[in-house]
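Spelled out from the first residue to the last, the chains are:
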Amino acid sequence: VEWLTGELGDIELPETLAAPARAPFSLHAMVPQRASAEDLEAVLGLVRDVYWNAGRYDDATLAATHRNAVAWVIARATAEAPAGIDEGEVVATARATGDRHKFAYVGDVVVHPALRGAGLGKALVALLLDHPGLRDTRQLRLATRDAQTFYRPFGFVPTEELELLPQMVYRR
């Protein structure tokens, strides 16, 4: 995937970034501060009930995490999408938060159930990792209880395989 622009903070990213021929989806960069209410509501519909969010965060919190992302990409359904999915509907999302240099956290990577296994998740994560907001980031982290094999081909490894300082977490 080539970003036609891509300077850090560039909000003039191309409308459609990539889509394989006759794919049931097209990929799009989101400018968090300019995301429409409709797009944000569609993304919330994808992320609110996944295991890492359900019962833990309300819609206002989930919306804020997306509006504060340093990188955010979505996929929209094309005419080739399965029956029951409207053309233009948001069918996948992925975002990252961080400082753009030392650290970023990848989160809320979600694909509509009807499009899982079609390569959409791989295309979405590849695009996210190449996003101008993450390109210069040295360390990207994520948490998953069931998708380790999905993320390994992108270069993610379990933290026990790294020589790291002991980790701590503060929770509210």
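Read on for an overview of the structure. (Residues numbered from 1 in each chain as written. Predicted model: local features only at pLDDT ≥ 70, side-chain atom pairs only at ≥ 80, totals over all residues. Heavy atoms only, no water.)

1. Details of the pairing of strand β3 (residues 90-98)
The element β3 is extensively covered by neighbouring structure, given that seven of its nine residues are classed as buried. In this structure, strand β2 (residues 71-77) lies alongside β3, joined through six bridges in antiparallel fashion. Bridge pairing in β3 places A71 opposite A96. Pairing of β3 with strand β4 (residues 103-111), which is carried by six bridges, proceeds in the antiparallel orientation. Note on β4: the bridge partner recorded for T93 is V110. (Buried < 20%, exposed > 50% of the residue type's maximum accessible area, 1.4 Å probe, protein only. Helix = DSSP H or I, 4+ residues; strand = E, 2+ residues; numbered from the N terminus. Pairing = 2+ DSSP bridges.)

2. Here we look at the packing of aromatic side chains
This structure, assessed with the given rule, holds four aromatic pairs. Centre to centre, the rings of Y51 and W52 are 4.9 Å apart; their planes meet at 90°, and the pair counts as edge-to-face. Owing to a relative accessible area of 30%, Y51 belongs among the partly exposed residues under this scheme. Assessed through its relative accessible area of 27%, W52 is described here as partly exposed. Here F150 and F154 contribute two aromatic rings whose centre-to-centre distance is 5.7 Å and whose plane-to-plane angle is 55°, an arrangement assigned as tilted. (Phe/Tyr/Trp six-rings, centres within 6.5 Å; stacked < 30°, edge-to-face > 60°.)

3. Some words on unusual backbone geometry
A positive phi angle is found at R100, which is not glycine, with a value near 75°. Position of R100 among the secondary structure elements: in the loop between β3 and β4. The phi angle at D108 is positive, at roughly 50°, despite the residue not being glycine. Examined against the element boundaries, D108 turns out to sit in strand β4. Among the residues examined, D108 registers a relative accessible area of 4% and is labelled buried.

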